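Take a look at the letters that make up each chain.
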Amino acid sequence: MTSFNLGDISASLSDVKSSGVSFLGQALKWENEEQVKPLVEAINACKSLKYLELEGNTLGVEAAKHIGEALKKHPELEKALLKDLFTGRMKTEIPIALESLGEGMTIAGAHLTVLDCSDNALGPNGMTGLVDLIKSKTCYSLEELKLNNCGLGIQGGKMLASALLECHKKGSEAGTPLRLKVFIAGRNRLENDGAKALAEVFKTVKTLEEIAMPQNGIYHVGITALSDAFKENPNIKILNLNDNTIGPKGAEALAEAFFSMQKLQEINFGDCLLKTKGALAIADAIQDQHLELETLNFGFNEIHADGGFCIAAAMENKRLLKSLDLNGNMFGSEGREQIVDMMEKYDLADCLVEMDEDDSDGGEEEESGDEDSYDEEAEEEETDEDESDEVEYVPTPGVNSSLNIFSGSALDSTADMSRVSIGDDTEASDNPVEAFCNAQYPSEAMFQAISDTDKTTALREHLKTISEENYLPYLVFTVLKCAELSEKSKEALDVATELFKDVYEHAQKKDRLHSVRNFFAIQLGLLKCEDKMFKPRYNVQGCRYALKTVLTQNIVPSDEKNIFEFLLEQQQADAQ
C-alpha cells in the first residue's frame, strides 16, 4: 500500500499566486484509488484550481477515473498540463484515461486556455480520447494546444483537425469562437495530408501567433497548403517548420505568405532542403520589412554562397536581430568569410551563429538524383529546380561560342557564364552592329563604327534577332563590351546603362537575377571563380565604373544593389 502525508499535499499547494496543483516529475505510478489518493486530496483541497500539472508520472485507467471525479468540482480550471503522463502504458489504456480526465473537466464546465498532452504516445487510438474534450464547450476558450511528439500520424492529424473545426463552429454559434494562439505538434508524422487538414483549421481560426510543426515529413504540397493558411493569420510571431522538406517550391509559397505576416519574430527552417532557390525566395520576402525578426535558422539547407549573401543582405535593417544560423550549408570558405564580413558591416556579427560546418567547401551545384531517399514528389521537385536553374545554351549559327550553362549558382558553379565567350574575332561582318556584338574583344573604333545616331536602338534591334534562349547571354556580353569603354566614352557609358536596364528587366521576368549578379561579379573581379585558370576578359576598371554609375540609378533591384555595393566596398578595402 502506498503511503502519503500532508506534507506532499502542502508542497503541491505552495504556489498560492498561480493557484494550482503540481506533481511535476515525481515519477509516480498511479494505478488505483489508493495510489492516486495524495493527488486527489490535493485537488480537493485546492480552493482555486487554475492549473493541474501531472508531467513526468504514469497514469492508469482506474486512477484516471478518480482524478476525473475530483475535477468535476473545479470549473475554474484553465490549464491542463498532461505532458509525459503515460510512460509504459498500453495503447488501449491511454484513450480511456484521457476520456475520464476530459469528462471531469466538461462536467465541471471548465474553460481551458492551455491543453498540453505532449510526449505521450497517443497515435490515432489515443487521439480518440481527446476528441470529445476538444469539441466540447470546455475548449471554446482554448488558446494553447500542445501535442508535440505524440505520433498522431495522418489519421490522428485529421481527427484533431476535425475536432478543432467543430469546436470553432460550435463556439462561433455560441458567441465564443475558438481563438487559438499557440499550436505545437512536432514529431507527429503528419505528412502532407495531415498538414493540409490542419491548414484548414488555421485558415478558419485566423488567430495563431505561434505554430511549431517540426519533423513531420511534410513536402512542398503540404507546405503550400499551410502557407495559404498562414496568410489568414497576420499575428504569427513564431514559425517552426524545422526538418520538413520545404524545398524551393515550398519556400516560394512561404515567401508569398510572409508578406501577410509582418509580426514574425522567429523563423526556424533548419534542415528543410531549401536550396539556393528557396533561400533567395525567403530572403527577398523579408528584405525590406519584417523589422521585428529576432531569430532565424536556415542551417543545413544545401544553400550556396549567393543564397547566403542574399539572406545576410536582408539582415541589414533587422535591428532586433539576436541570432542568424546559416551553419552547415554550401558556401565554401571564401563564401563564409564574405558573409561574416557582410554581417560585420551591418554591425550584426555577434548575431551570426558560428559556421563551423560546410557541406561543400565551395563544391558543385546540386544535381538531380542526389535525394534518392525522398519520395516521387520530392524527386519531381528536384527535377523542376534543375530545369529552372540551368539552361543549356545552343550557339547561334555562324557564331563560335564556348558557352555551356547559364546557371543560378554563385561561387560553386562558375563553369557557366564566367567562362563563356560569344563571338570570334576572326569572323567578319559588313554590319558594324553585328561585328561589334560578335567580336570577343571589340575596340573603341568598332564601337564608333556603328554609324547609327542611336547606338542603343541599333544594338537592341540586333539583339532581337537572337533566339529567346540565347538572348540573355548575348545581352550581358554586349553590356560588358560597352562598359569596358565607359571611362573613355560617355556615349559607351550611356549605351551600357540603357542595356543594363534591359538585362535586369529580362532577368526579373525569367528569374535569373542571381545568375546575372554572379556573372557580372566574377567578370568584374568582385568574386573569385572556382576555375583557377579563369581571368576576367574585359577591362575591369571600366566595367566597374559603369556598374557604379548604374547603381546610382533605379535600375538594379535593391537587394541586388546592396550586394554589389558590399562587394565593391570590400574590393576597395582589399586593394588598400
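Residues numbered from 1 in each chain as written. Predicted model: local features only at pLDDT ≥ 70, side-chain atom pairs only at ≥ 80, totals over all residues. Heavy atoms only, no water.

### Re the overall build of the protein
The following threshold applies: Helical segments are the DSSP runs of H or I of at least four residues, strand segments are the runs of E of at least two, and each set is numbered from the N terminus. Throughout, exposure labels follow a simple rule: accessible area from a 1.4 Å probe, protein chains only, divided by the maximum for the residue type, with under 20% read as buried, over 50% as exposed, and the rest as partly exposed. Contacts were defined at the residue level, with two residues in contact if any of their heavy atoms lie within 4.5 Å. In this description, accessible areas are obtained by the Shrake-Rupley approach with a 1.4 Å probe, and a residue is regarded as covered only by the protein chains that are shown.
The number of helices and strands found in the protein is 21 helices and 15 strands. Expressed as a percentage of the 576 residues in the protein, the buried residues total 56%. When contacts within the protein are restricted to residue pairs at least 6 apart in sequence, long-range pairs at least 24 apart make up 79% of them. Total accessible area on the protein is roughly 23900 Å²; 46% of this is exposed by carbon and sulfur atoms.

### A word on the nonpolar core
To keep it simple, the criterion reads: Definition of nonpolar core: a set of buried residues of the types Ala, Val, Leu, Ile, Met, Phe, Trp, Tyr and Cys, connected through side-chain atoms within 4.5 Å.
The biggest cluster of nonpolar side chains holds 170 residues, and the ones touching the most others in it are F183, F202, F230, L239, F269, F298 and F520. If one sorts the elements of this core by residue count, helix α17 (residues 468-483) sits on top with ten residues. When neighbours within four sequence positions are excluded, F183 is seen to be in contact with L145, L160, L164, L198, F202, L208, E210, I211, A212 and M213.

### Examining the side chain of E560
Within the secondary structure, E560 sits in helix α21 (residues 558-575). Setting aside chain neighbours within four positions, we find E560 in contact with C310, L513, H514 and R517.

### Observations concerning helix α9 (residues 247-258)
Let me state the cut-off plainly: Helix span, expected: 1.5 Å multiplied by one less than the number of residues in the helix.
Spanning twelve residues, α9 covers 16 Å between terminal C-alpha atoms, matching the ideal 16 Å at 1.5 Å per step. Burial within α9 is extensive, with nine of its twelve residues counted as buried. Considered for burial, the residues of α9 that qualify are G247, P248, G250, A251, A253, L254, A255, A257 and F258.

### What about the sheet that holds strand β3 (residues 51-53)?
Here is the rule: One requirement defines pairing of two strands: DSSP has to find at least two bridges between them. Angles shown run from 0 to 180 degrees and are taken between the N-to-C directions of axes, each axis being a line fitted to C-alpha atoms and, for helices, limited to the stretch in contact.
Taken in spatial order, the eleven strands line up as β1-β3-β5-β6-β7-β8-β9-β10-β11-β12-β13 in an open sheet, and their pairing is parallel. The open sheet is flanked by β1 (20-22) and β13 (323-325), the only strands paired with a single partner. Each neighbouring strand pair of the sheet contributes to a mean axis angle of 5°, computed without reference to strand direction. Relative to strand β6 (residues 114-116), strand β5 (residues 79-81) runs parallel, the two being bridged by three bridges. Each residue of the ladder has a partner; that of L81, found in β6, is D116.

### Considering the packing of aromatic side chains
What counts here: Within 6.5 Å between ring centres, the rings of Phe, Tyr and Trp (the latter by its six-membered ring) count as paired, and their orientation is classed by plane angle as stacked under 30 degrees, edge-to-face over 60, tilted in between. Here, a charge over a ring means that NZ of Lys or CZ of Arg falls within 6 Å of the ring centre while also lying within 35 degrees of the ring normal.
If you walk through the whole model with that rule in mind, you get nine aromatic pairs. With a centroid separation of 6.1 Å and 20° between ring planes, the pair formed by F258 and F269 is classed as stacked. Taken as a pair, F258 in helix α9 and F269 in the loop between β11 (266-268) and α10 (275-286) lie far apart in primary sequence, eleven residues in all. Stacked on the ring of F447, the Lys or Arg K455 has its end atom at 5.5 Å from the ring centre.

### Remarks on the pattern of salt bridges
Defined as follows: Counted as salt bridges are all cases of a side-chain nitrogen of Lys or Arg within 4 Å of a carboxyl oxygen of Asp or Glu.
Under the counting rule described, the total for this entry stands at 27 salt bridges. Between E69 and K72 there is a salt bridge, and its shortest N-O distance comes to 2.8 Å. Assessed through its relative accessible area of 46%, E69 is described here as partly exposed.

### Regarding a negative patch on the surface
Just so we agree on the cut-off: Patch rule: a residue counts if its relative accessible area is over 30% and it has no salt bridge; like charges are joined within 9 Å, and nonpolar side chains (Val, Leu, Ile, Met, Phe, Trp, Tyr) within 5 Å. Positive charges come from Lys and Arg, negative ones from Asp and Glu, while His and the chain ends are left out of the count. Where a charge lies is defined by one atom per residue type: Lys uses NZ, Arg uses CZ, Asp uses CG and Glu uses CD.
Where like charges cluster on the molecular surface, the negative patch consists of E337, D341, E344 and D574. With three residues, the top contributor of residues to the negative patch is helix α12 (residues 332-345). Mapped onto the elements, E337 comes out in helix α12. Assessed through its relative accessible area of 51%, E337 is described here as exposed.

### Structural notes on the environment of Y140
Within the secondary structure layout, Y140 lies in the loop between α5 (123-135) and β7 (144-146). A residue is classified by how much of its surface remains accessible, and Y140, at 12% relative accessible area, is buried. Along the chain, Y140 and P177 lie 37 residues apart, while their C-alpha atoms are 6.3 Å from each other.

### What about unusual backbone geometry?
In this structure, H290 is a non-glycine residue whose phi angle is positive, near 50°. Along the chain, H290 falls in the loop between α10 and β12 (295-297). Positioned with a positive phi, F300 is a non-glycine residue whose angle comes to about 55°. When you line up the elements, F300 lands in the loop between β12 and α11 (305-313).

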